[in-house]
Amino acid sequence: MKKFTRIVCIAFLIIYGLASCDSNVPKTISTASSKESKIDSILSKMTLEEKIGQTAQRGKSSRVKELPEDLKDAVRKGSVGSFLNITNKDDVKELQRIAIEESPNHIPLIFARDVIHGYKTIFPIPLGQAASFNPEIVKQGSRIAAIEASTNGIRWTFAPMLDISRDPRWGRIAESAGEDPYLTSVMAEAYIKGFQGEDLSNPTSIAACAKHFVGYGAAEGGRDYNTTNIHDNLLHNVYLKPFKAAVDAGAATFMTGFNELNGIPASGNQHILKDILRDEWNFDGFVVSDWNSITEMIHHGYAKDDKEAAEKAANAMLDMEMTSTSYEDHMKELIDEGKFSVAQLDEMVRNILRIKFKLDLFEHPDFNDNKDFLYAEDHLEKAKKAAIESTVLLKNRNALLPIPEGKKLAIIGPLANASHEQLGTWNFDGERERTITPLQAFKKDSLSNFEFSEGLSYSRDRSDKGFVEAIKVAKSSDVILFFAGEEAILSGEAHSRANLSLPGAQEELIDKLHKTGKPIVLIIMAGRPITLGNILHKVDAILMSWHPGTMGGQALHEIITGKVSPSGRLPVTWPKEVGQVPLYYNHTNTGRPVVPEEFVQMDSIPIDAWQSSLGNTSHYLDVGYLPQFPFGYGLTYSDFEYSDVSISSENIRIGDTIKIKAKITNTGKVSASEVVQLYYRDLVGSITRPVKELVRFKKITLEAGASENIEFECTTEDFLFYGTDKKWIVEPGDFTFWVAKNAHDELNSLHLTLK
């Protein structure tokens, strides 16, 4: 019998091998072709109403405990393609059962959720993760988020947000990777690879959604949902780059922005959705609107009613409508009137079904609801590491940090024990009960010596009733740890701010604490840069921890006590005053660029001065021309020396590769990490080029006294830009390169001529 079985197995392998060799088509292409055939078969059986149903994304109110019967009936009829914000596992299972067993063509549903920076185990906000300058941290975080979220049947997340954000007034800067297109592109790939894993069919993988396509982060005045005007060269050279990286990384879905772009709302913009995303980039996933953004085109003044909004969105190839019902209500009528076609609808449905097949929902619509995946020890450890690497040391006068053992600490401030606020914006499923705050972390440390007084009960608190006790605690301490910032609700969608200083009476309390004469460590938890002009000179050290997530308190404890050195770097330029914004490092020059030696500050202008430019250039009379802190800036508990900086050739031709080398030495006394940054400038172009552009970076960790030789490799393709003839070009000419610590550092410059 064993011999017979062996013969059968061998025969099977031979036949299978012959069948596989019978075609020269790779397996992946063959599988894709098979899926397309299955999609064709399903489409051929679907009624018009069922096709329209696939374009509908629905949800239910969190206040409604039971699944409404009309929602179940809609699934039975095939009138729903996806759900969002269904958080009850039993509801997910029941709706999926109805779709598979009772709907006309047994098409599974996709369940979606905003899983932005963690599901249960919450990682730092995306702006904070970008500050890590470590894409592996981002990839691990999104992988953990996918593993945890998939235990609730969630197979689609509305992340990553890839909007270039140059204005910290905009609340959604917290969800971004900052101002730089290269850094955002690197993080885009990391997020997508993490969420989607090696294969979307893995039950722990969830489909990523690159949002908001496109230009949403350029909203005028930093006011959410506002107008954006971005000329074509800027659109391609800055704002589109991370989205192209998302397509290249295999992002399953895209989401349109709420904004209009150059007069046309994104949800009805054929140029970006069809011409660029589909025709130029060959994106084959599907596009979903943002919440009601199709019907909001009426408010924009781009559509007169729901029907016209549906017509414009559908003809722009927006595949799925989130929450509003213009497709459901008017698509059939539009087809009957010849304003839209069945063939176009088929293409939309094809895009949606393709992702459902990639998620393997037809074969395996069920999910593993193992609660052991939530808050797993490894997940918490990685969340702590992410919070450590995201934290940026902005100031450290007289090496106040780390705090030596034995010092008595005063822990003060509204964010010292704010478990909910610590989790940050756009966090729906994290639990404050699982959050470790800084106060809790110090309590767990048996060697710590501290007293606690919050001083203010929340970030916007204007009452001084807690000041007396806080000052008393401060006076009896050696060092004050003041935990300041914003509550989570003060950043994120629809939470723009005109004033970026610390809210409430935080500055007043810091002033009182400063007068005690005790050194102050300011630890900021916020969703954006905070203007510090009134208090910068009153504090001795500053840590920016953003909103650091579940393990943020433990991470900060380890940084403050010196168990680890902070290693984050700013992913955004930090302004001195709101009046400087938008402020970003990669701007183009003016005809009168700043000459530092000629700068005249407002208070230096003579009385009755003759009306003239006084030798001044492009800057503000009161705050000058520099930011508070530049892009890429961050300190550690050590020092690093750059030497032996070289370039492989000073003369190259188009298509050549260049190598730039440097020796990095830790000249300090402790192990620490350095983010080595490579910038370049194309000195003369057919359109003006930025004064600097980040083109590579590398994060390294060195023990005290150790050195590492690093090498960056670039090709001339890295210097392509979108020109006036609407083509990507690289032009001969002179270039300057900097191996630098931040965007303002110009010590290690190199020169190259491209012939």
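It should be emphasised that the depicted structure is a prediction, and the values quoted were computed from it without experimental measurement.

Tell me about the overall build of the chain, and name the residues and values.
When helices and strands are counted, the chain shows 21 helices and 26 strands. Taken over C-alpha atoms, the radius of gyration comes to 28 Å for the chain, in line with the 27 Å a tight globule of 755 residues would show. When each of the 755 residues of the chain is scored for burial, the buried share is 58%. A sequence separation of at least 24 residues applies to 77% of the contacts in the chain between residues at least 6 apart. Entry remark: accessible area of the chain is about 31100 Å², with carbon and sulfur atoms responsible for 50%. Side chains of the chain give 84 positive and 103 negative charges; the mean places of these two sets differ by 4 Å.

Got a sec to walk through the packing of aromatic side chains? Specific residues and values, please.
Under the definition given, this model contains 29 aromatic pairs. The interplanar angle of 65° and the centroid separation of 6.3 Å between the aromatic rings of phenylalanine 442 and phenylalanine 450 together place this pair among those described as edge-to-face. Classification of phenylalanine 442 as buried rests on a relative accessible area of 1%. Between phenylalanine 599 and tyrosine 625, the aromatic rings sit 5.6 Å apart at their centres with planes inclined by 80°, giving edge-to-face as the arrangement.

Summarise the sheet that holds strand 4 (residues 156-157); cite the residues concerned and give the values.
On the basis of which strands lie adjacent, the open sheet formed by 5 strands has the order 4-3-2-1-10 and parallel pairing. In this open sheet, the two strands that pair with only one neighbour each are strand 4 and strand 10 (321-322). Here strand 3 (residues 110-113) pairs with strand 4 via 2 bridges, running parallel. Across the sheet, arginine 113 pairs through a bridge with threonine 157, a residue of strand 4.

Any details on unusual backbone geometry? Residues and values, ideally.
Cis geometry is adopted by the peptide bond preceding histidine 212, which originates at lysine 211 and carries an omega value of -5°. Tracing the backbone shows histidine 212 in strand 5 (residues 209-213). Look at the link from leucine 401 to proline 402: it is a cis peptide, with omega at 0°. As for its position among the elements, proline 402 is in the loop between strand 11 (392-396) and strand 12 (409-412). Backbone geometry at asparagine 262 places phi at a positive 55°, although glycine is not the residue there. One can find asparagine 262 in the loop between strand 7 (260-261) and strand 8 (264-265). Asparagine 262 gets classed as partly exposed once you look at its relative accessible area, which sits at 40%. If you check the backbone angles, lysine 726 has positive phi at about 60° while not being a glycine. Its location among the elements puts lysine 726 in the loop between strand 23 (721-722) and strand 24 (728-729).

Could you give an account of the sheet that holds strand 6 (residues 253-256), naming the residues involved and the relevant values?
Strand pairing in a sheet is mediated by backbone hydrogen bonds. Such pairs are either parallel or antiparallel. Pairing is parallel across the open sheet formed by 3 strands, whose spatial order is 5-6-9. The open sheet is flanked by strand 5 and strand 9 (286-288), the only strands paired with a single partner. Sheet twist, expressed as the average angle between the axes of neighbouring strands with direction ignored, equals 25°. Note: strand 5 against strand 6, 3 bridges, orientation parallel. Its bridge partner lying in strand 6, cysteine 209 is registered against threonine 253. Across the face of the sheet, helix 10 (residues 241-248) comes into contact with strand 5 and strand 6 while running at roughly 155° to strand 5.

Please provide a residue-by-residue account of the side chain of arginine 172, values included.
As for its position among the elements, arginine 172 is in the loop between strand 4 and helix 8 (181-196). The exposure class of arginine 172 is buried, given its relative accessible area of 1%. If sequence neighbours within four positions are ignored, arginine 172 has contacts with Met161, Lys211, His212, Tyr216, Asp224, Phe258, Asp290, Trp426, Gly492 and Glu493.

Give me the packing of helix 14 (residues 326-336) against helix 15 (residues 342-358): which residues, what numbers.
Helix 15 packs onto helix 14 with a crossing angle of 145° between their chain directions and a minimal axis gap of 10 Å. Residues Tyr327, Met331 and Ile335 of helix 14 touch helix 15, and the partners they reach there are Val342, Leu345 and Met348. Grouping the amino acids of the contact of helix 14 with helix 15 by side-chain chemistry returns 6 nonpolar, no polar and no charged.

Which residues make up helix 13 (residues 306-315), and what values go with them?
Among the residues of helix 13, those classed as buried are Lys307, Ala309, Ala310, Ala313, Ala314 and Asn315. Close packing links the buried residues of helix 13 with helix 11 (270-280), helix 12 (297-300), helix 14 and helix 15. Methionine 317, located one to two residues past helix 13, shows a positive phi value of around 75°.

Break down the UniProt feature "domain: Fibronectin type III-like" (unreviewed entry) in the chain for me, with residues and values.
Per the UniProt annotation, the sites labelled "domain: Fibronectin type III-like" (unreviewed entry) are residues 674-743. The span residues 674-743 is 0% helical and 57% strand by assignment, and the distance between its end C-alpha atoms comes to 14 Å.

Quick one: what's the story with the side chain of glutamate 486, residue by residue and with numbers?
Relative to the helices and strands, glutamate 486 is located in the loop between strand 14 (479-485) and helix 20 (506-514). Look at glutamate 486 and you get buried, because its relative accessible area is 0%. Looking at glutamate 486, its side chain comes within polar contact range of the side chain of arginine 497, at 2.8 Å. A distance of 3.1 Å separates a polar side-chain atom of glutamate 486 from the backbone nitrogen of glycine 527. Excluding residues that lie within four positions of it along the chain, glutamate 486 makes contacts with Leu415, Ser459, Ser491, Arg497, Met525, Ala526, Gly527, Arg528, Ile530 and His547.

Hey, could you go over the packing of helix 7 (residues 135-150) against helix 16 (residues 377-390) for me, with residue numbers and the actual values?
Between helix 7 and helix 16, the least distance of the axes is 10 Å, while the angle of their chain directions is 145°. Where helix 7 crosses over helix 16, the two elements pack in a sense that is left-handed. Contacts from Ile137, Gln140, Ile144, Ile147 and Glu148 in helix 7 reach His379, Lys382, Lys385, Ala386 and Glu389 in helix 16. Residue composition of the contact of helix 7 with helix 16, by class: 4 nonpolar, 2 polar and 4 charged.

Tell me what's going on with the pairing of strand 26 (residues 749-754), and back it up with residues and numbers.
Where burial is concerned, the two faces of strand 26 differ: the one with Leu750, Leu752 and Leu754 is buried and the one with Ser749, His751 and Thr753 is not. As paired elements, strand 18 (residues 651-652) and strand 26 share 2 bridges and run parallel to each other. When the sheet's bridge partners are listed, isoleucine 652 is paired in strand 26 with leucine 754. Bridging between strand 25 (residues 733-740) and strand 26 involves 6 bridges; their strand directions are antiparallel. Directly across from phenylalanine 737, in strand 26, lies its bridge partner leucine 750.

Reading guide: rules and limits
Residues numbered from 1 in each chain as written. Predicted model: local features only at pLDDT ≥ 70, side-chain atom pairs only at ≥ 80, totals over all residues. Heavy atoms only, no water. Helix = DSSP H or I, 4+ residues; strand = E, 2+ residues; numbered from the N terminus. Rg over C-alpha atoms; globule rule 2.2 N^0.38 Å. Buried < 20%, exposed > 50% of the residue type's maximum accessible area, 1.4 Å probe, protein only. Contact = heavy atoms within 4.5 Å. Areas by Shrake-Rupley, 256 points an atom, 1.4 Å probe, with all protein chains shown as cover. Lys, Arg positive; Asp, Glu negative; His and termini not counted. Charge placed at Lys NZ, Arg CZ, Asp CG, Glu CD. Phe/Tyr/Trp six-rings, centres within 6.5 Å; stacked < 30°, edge-to-face > 60°. Pairing = 2+ DSSP bridges. Axes fitted to C-alpha atoms, helices over the stretch in contact; angles between N-to-C directions. Nonpolar A, V, L, I, M, F, W, Y, C, P; charged D, E, K, R; others polar. UniProt positions renumbered as here; feature names shortened; annotations may be inferred. Polar contact = N/O pair within 3.5 Å; in protein donor to acceptor, adjacent residues only side chain to side chain. Left-handed = near helix turned anticlockwise from the far one by under 90°.

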